[in-house]
Amino acid sequence: MDLGAGAGAGPKPARGRLGAPSSGMRAPGTPWARFSAWLECVCVVTFDLELGQALELVYPSDFQLTDKEKSSICYLSFPDSHSGCLGDTQFSFRIRQCGGQRRPGHAGEKHGDSGAPASLQREPAHYFGYVYFRQVKDSSVKRGYFQKSLVLLSRLPFVRLFQALLGLVAPEFFDKLAPCLEAVCNEIDQWPAPAPGRTLSLPVMGVVLQVHIPSRADTPEPGPPEPSGHETLLPAPVVLPSVHELDLFRCFRPVLAHVQLLWELMLLGEPLLVLAPSPAVSSEMVLALTSCLQPLKFCCDYRPYFTIHDSEFKEFTTRTQAPPNVVLGVTNPFFIKTLQHWPHILRVGEPKTSGDLPKQVKLKKPSRLKTLDTKPGPCSSSPPGTQRQALGAGRGGQWGWHSQRGCPHPQSRARGPLPSPGLYTAYTAHLHRDKALFRRLLKVPLGVGCSPWEGDPGLALWLSPGNSQGLQKKRPSDVQTAVLRRHLLELTQSFIIPLEHYMASLMPLQKGIVPWKTPPQIRPFRQDDFLQSLERSGPQLTCVLKGDWLGLYRRFFKSPHFDGWYRQRRREMAQKLEALHLEAICEANIELWMKDKSEVEVVDLILKLRERLVRAQGHQLPVKEATLKRARLYIDTAIGSLPKDLQAVLCPP
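Residues numbered from 1 in each chain as written. Predicted model: local features only at pLDDT ≥ 70, side-chain atom pairs only at ≥ 80, totals over all residues. Heavy atoms only, no water.

Asker: Please explain the overall build of the protein as it appears in this structure.
Answerer: The helix and strand tally for the protein stands at 22 helices and 15 strands. Evaluated residue by residue, the protein yields a buried proportion of 51% over its 653 residues. Accessible area for the protein stands at about 29600 Å²; split by element, carbon and sulfur atoms hold 55% of it. (Helix = DSSP H or I, 4+ residues; strand = E, 2+ residues; numbered from the N terminus. Buried < 20%, exposed > 50% of the residue type's maximum accessible area, 1.4 Å probe, protein only. Areas by Shrake-Rupley, 256 points an atom, 1.4 Å probe, with all protein chains shown as cover.)

Asker: Just checking my understanding: could you explain the packing of aromatic side chains for this structure?
Answerer: For the structure on display, the rule yields 31 aromatic pairs. Both rings, one in Tyr132 and one in Phe174, keep their centres 6.0 Å apart while their planes meet at 45 degrees; by these two values the pair is tilted. Remark: Phe174 occurs in helix H4 (residues 159-176) and Tyr132 occurs in strand E5 (residues 126-137); sequence separation between them is 42 residues. Plain terms: the ring middles of Phe298 and Tyr302 are 5.7 Å apart, the flat faces sit at 80 degrees to each other, and that makes the pair edge-to-face. (Phe/Tyr/Trp six-rings, centres within 6.5 Å; stacked < 30°, edge-to-face > 60°.)

Asker: Even after reading the chapter, I still don't get the packing of helix H18 (residues 560-587) against helix H20 (residues 599-617), so can you show me in this structure?
Answerer: When two helices pack together, their arrangement is captured by the angle between the axes and the distance separating the axes. Contact geometry of H18 with H20 gives a least axis separation of 11 Å together with a crossing angle of 130 degrees. With respect to H20, the element H18 is oriented oblique. Considering only the axes of H18 and H20, their crossing is left-handed. In contact with Gln575, Glu578, His581, Leu582 and Ile585 of H18, H20 contributes Leu609, Arg612 and Arg615. Its residues assigned to classes, the contact of H18 with H20 comprises 3 nonpolar, 2 polar and 3 charged. (Axes fitted to C-alpha atoms, helices over the stretch in contact; angles between N-to-C directions. Parallel < 35°, antiparallel > 145°, perpendicular 65-115°, else oblique. Left-handed = near helix turned anticlockwise from the far one by under 90°. Contact = heavy atoms within 4.5 Å. Nonpolar A, V, L, I, M, F, W, Y, C, P; charged D, E, K, R; others polar.)

Asker: Would you mind showing me how to read the pattern of salt bridges here?
Answerer: Side-chain pairs of opposite charge can arise where the charged atoms are in close proximity. With the rule as written, the count across this model stands at 24 salt bridges. In this structure, the salt-bridge partner of Glu56 is Lys148, at a minimum N-O distance of 2.7 Å. Pair noted here: Glu56 is in strand E3 (residues 52-59) and Lys148 is in strand E6 (residues 145-154), with a separation of 92 residues, a long-range link. The burial state of Glu56 is the same as that of Lys148; both residues are buried. Between Glu578 and Arg615 there is a salt bridge; the shortest N-O distance is 3.0 Å. Highlighted residues: Glu578 in helix H18 and Arg615 in helix H20, separated in sequence by 37 residues. Residue classification places Arg615 among the partly exposed residues on the basis of a relative accessible area of 23%. (Salt bridge = Lys/Arg side-chain N within 4 Å of Asp/Glu carboxyl O.)

Asker: Mind showing me how you'd approach the packing of H4 against helix H5 (residues 178-188) here?
Answerer: Where H4 meets H5, the axes come as close as 7 Å, and the angle between the chain directions of the two elements is 150 degrees. Considered as vectors, H4 and H5 are oriented roughly antiparallel to each other. Facing H4, whose interface residues are Leu165, Val169, Glu172, Phe173 and Lys176, H5 presents Ala178, Pro179, Cys180, Leu181, Val184 and Ile188. In terms of residue class, the contact of H4 with H5 is made up of 9 nonpolar, no polar and 2 charged.

Asker: So what exactly am I meant to see when it comes to unusual backbone geometry here?
Answerer: Only a minority of non-glycine residues have a phi that is not negative, and only a minority of peptide bonds are not trans. Of note, the amide linkage connecting Tyr59 to Pro60 takes the cis form, showing an omega dihedral of -5 degrees. Among the secondary structure elements, Pro60 is positioned in the loop between E3 and helix H2 (67-76). Residues Gln294 and Pro295 are joined by a peptide bond in cis, for which omega reads 10 degrees. Even without being glycine, Met205 reaches a positive phi, approximately 55 degrees. Relative to the elements of secondary structure, Met205 occurs in the loop between strand E7 (199-204) and strand E8 (207-212).

Asker: For this particular structure, what's the right way to read the sheet that holds strand E9 (residues 238-239)?
Answerer: Two pairing modes exist for strands in a sheet, parallel and antiparallel, and in both the strands are linked by backbone hydrogen bonds. The 3 strands are arranged E7-E8-E9 in an open sheet whose pairing can be described as mixed. In the strand order of this sheet, the two ends are held by E7 and E9, each with one partner. Relative to E8, E7 runs antiparallel, the two sharing 6 bridges. Note that in E8 the partner of Thr199 across the bridge is His212. (Pairing = 2+ DSSP bridges.)

Asker: Explain the side chain of Glu40 to me, please; I cannot follow it from the model alone.
Answerer: One can find Glu40 in the loop between helix H1 (33-38) and strand E2 (41-48). Judged by its relative accessible area of 1%, Glu40 falls in the buried class.

Asker: Hey, could you run me through the nonpolar core in this one?
Answerer: Taken as a class, soluble globular proteins show a tendency for nonpolar side chains to be buried jointly. One finds Trp38, Phe252, Trp263, Leu289, Phe495, Leu499 and Phe525 to be the most contacted residues of the largest nonpolar core, which totals 109 residues. Residues in contact with Leu289, not counting those within four places in the same chain, are Phe252, Leu262, Met266, Leu272, Val274, Val327 and Leu346. Core analysis: the next-biggest nonpolar cluster, separate from the first, contains 24 residues, Ile585, Met594, Ala638 and Leu642 among them. (Core = buried A, V, L, I, M, F, W, Y, C linked by side-chain atoms within 4.5 Å.)

Asker: Looking at this structure, how should I read the pairing of strand E15 (residues 422-425)?
Answerer: Sheet faces and side chains relate simply in a regular strand, where the side chains alternate between the two faces. The side-chain alternation of E15 yields two buried faces, one formed by Gly422 and Tyr424 and the other by Leu423 and Thr425. Bridging between strand E13 (residues 344-347) and E15 involves 4 bridges; their strand directions are antiparallel. The residue of E15 that forms the bridge with Leu346 is Leu423.

Asker: Would you take a moment to explain the environment of Ala426 for this structure?
Answerer: On the secondary structure map, Ala426 appears in the loop between E15 and helix H13 (435-441). Through-space distance from the C-alpha of Ala426 to that of His344 is 7.3 Å; in sequence the pair is 82 residues apart.

Asker: Just to check I follow, could you spell out the environment of Tyr566 for this structure?
Answerer: Topologically, Tyr566 is positioned in helix H18. Judged by relative accessible area, which is 18%, Tyr566 ranks as buried. Setting aside chain neighbours within four positions, we find Tyr566 in contact with Met503 and Phe525.

Asker: Which parts of the structure should I look at to understand the confidence of the model for the protein?
Answerer: Any region with low pLDDT has predicted coordinates that should not be read closely. Looking at the protein, pLDDT values average 78 and 74% of them are 70 or higher. In the model, residues 352-416 has pLDDT below 50 throughout and makes 136 contacts with residues more than four positions away in sequence or in other chains. Low confidence marks residues 464-469, where pLDDT is under 50. Its contacts with residues over four positions away, or in another chain, come to 10 contacts. (pLDDT = per-residue confidence, 0-100.)

Below you can see the structure in the form of structure tokens.
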């Protein structure tokens, strides 16, 4: 697919059928308040012979996008010329918001986020773009192809829901265009808000999508949504098992032998380049990787699909500093050359032949890259023990190669442009592989996969794409995904639970919280004390995996995920401490306290109680309604004890 025409001028906005190009701020009291609970806007991107990718339409038309955001949406809504996507393709991207908040939050948005799992809360500084791209031959078009994308822009990471929605809307839109889109947007504007914990019925285009919005109170695997309402829904609803979960087994099938190593890389926030043959494969792999830490929030940047035209291209590809903590999904082989200094590269999908690629991406083998055979074959020349030793020594600077495919001759990479599919990394896993997991997922013969090392040649052969015996064919893919997701969930929980226990020990005792004194402070997190506590309450209590857990924790302390987790937990503990202090005040005898207090002290108490009431009513403090009522009564009592002039100041008419 040739997308080069007009690229010099860059994407330009084009006037849409439903209104002028997006500009201005959406005014308060907008009729699109319910729509905004789900989506920011809907975009249509087309290919114009003169302009290149062009933003044909933004709906609602009053939603504001900056020029940089428009440019990013245009480029990311089309597969690049190396993907060769023909027909219909769905994928997703994520872009940084430019220019700050541009619309008022709708009612209940903050409350909704407070009840949602940390990994599913709204993105305050990024947009998700969910794309349905169509490229088909069309003799009526001068270029000979119809090329257009329908894009849903949202702050919600509900990839499965929005992909299902696009699957219903996009084919109809490509036939009927603007009138269809306007009707769909009006239907979405009637949907109830995505309140955590609720099962919702969402009508669109004669179909009812039934979804469950996850909440913090949900069990890890809630199962299909329960029917909502008392009436029978006609037509019968389309039940989505999840609004956000992908088919993990299908996504990780090519790299299943290294899923635990990839989990460690994600946990530590390591930079990772994912090179895939299409935006669909790229975006699914990146989203699967970032979701494998749940319920821990992924605190690093990630881009499911990224191009050389992105506004952050220079920021991510600079060599003047260490690679950023970002997971980057790409399809352009140019990135292999540009980012060959990155410590981890994951290649998925079949590589293109040398003749299919531009001349500038023909690469010579880096001198520091050591190719490690992981499959016995004509190219294997070293015994398994040597392979494991080479991989284990990779942390010192040599690269080890984890791959599920046969290794080409070491010199063949100098002639070819791309490495074979596999994981290229110098990282050595801290934890041994879970042998039981592969026996549950695959029909692995006895003795295969027993090595704790990632470079186990027997398992690599058994997991190779050409081996049809490796799959449990009688077990549905969703069951395989449930097994894999449960394994990753338990692994993450085993790692986080000791941190949670230690963090809870830093909370002051409730008996030390007295009404009329400043509450005690939360004690500081001391890494050495935590590491010493692992001997009696470490992950070995809940996880059978052996390995260097201490080393993994030490590296985790340096990662953005520890910083994000610690800040969130400390903020929650501070709010809990403030709520307990408010409860202690409300249980005390305020009239007895006021007897010997000056007017200044009483006024100070009133102002502090009012401030906490405002915070509690904004769902920032975990306080019971009975406590709030008693606090209001105390405020009234305290105000009544003051002179009339002060009462007038505190309670103006």
